[in-house]
Amino acid sequence: MHEILIIYFVIANIVGVSIMAADKHRAIKHRWRIPEKMLFLVSLIGGSIGTWAGMYIFHHKTKHWYFVVGMPLILFVQVLLA
């Protein structure tokens, strides 16, 4: 069971980094963007480390206070719950 949870969280965080990269790429190309609620949803379902890392790796959404505060807060709550 522990292995399944680890695999789930690894995949969720890969998705988190990937979705931030994809949204940044779309922003640069002036294309349809990934909704912010989807970015938060990925974080809430376990990809908070990935989305938070993706924010700073790709310099994306770092000027929005609700991302700068929200992503670490989600991670903090998830760590407390674990």
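Scroll up for the structure.
Given the structure is predicted, the values throughout are model-derived calculations rather than measurements.

Caption draft 1: Fine view of the overall build of the protein. Looking only at helices and strands, the protein features three helices and zero strands. Mapped in sequence order, the helices and strands of the protein form the string α-α-α. Compactness check: the protein gives a C-alpha radius of gyration of 13 Å against a globular reference of 12 Å for 82 residues, within 12% of the reference. Counting only contacts in the protein whose residues sit at least 6 apart along the sequence, the fraction spanning at least 24 positions is 64%. Within the structure as shown, the protein displays about 5700 Å² of accessible surface, and the carbon and sulfur contribution to it stands at 76%.

Caption draft 2: Region of interest: the packing of helix α2 (residues 36-57) against helix α3 (residues 65-81). Close contact between α2 and α3 brings their axes to 9 Å; oriented N to C, the two are set at 100°. Classified by the angle their axes make, α2 and α3 are roughly perpendicular. Residues E36, L39, F40, S43, L44, G46, S48, I49, T51, W52, M55 and Y56 of α2 form the contact with α3, whose participating residues are Y66, F67, V68, G70, M71, P72, I74, L75 and Q78. Its residues placed into classes, the contact of α2 with α3 shows 14 nonpolar, six polar and one charged.

Caption draft 3: Representation of the packing of helix α1 (residues 2-28) against α2 in the model. Two elements in contact, α1 and α2, have axes whose closest approach is 7 Å; the angle formed by their N-to-C orientations is 75°. Viewed along their axes, α1 and α2 adopt a mutual orientation that is roughly perpendicular. From α1, Y8, F9, A12, N13, V15, G16, V17, I19, M20 and D23 reach across to α2, where they touch M38, L39, V42, I45, G46, G47, S48, I49, G50, T51, G54 and M55. A breakdown of the residues in the contact of α1 with α2 according to their chemical character gives 13 nonpolar, eight polar and one charged.

So, how was this worked out
Residues numbered from 1 in each chain as written. Predicted model: local features only at pLDDT ≥ 70, side-chain atom pairs only at ≥ 80, totals over all residues. Heavy atoms only, no water. Helix = DSSP H or I, 4+ residues; strand = E, 2+ residues; numbered from the N terminus. Rg over C-alpha atoms; globule rule 2.2 N^0.38 Å. Contact = heavy atoms within 4.5 Å. Areas by Shrake-Rupley, 256 points an atom, 1.4 Å probe, with all protein chains shown as cover. Axes fitted to C-alpha atoms, helices over the stretch in contact; angles between N-to-C directions. Parallel < 35°, antiparallel > 145°, perpendicular 65-115°, else oblique. Nonpolar A, V, L, I, M, F, W, Y, C, P; charged D, E, K, R; others polar.

By themselves these figures say nothing about function.
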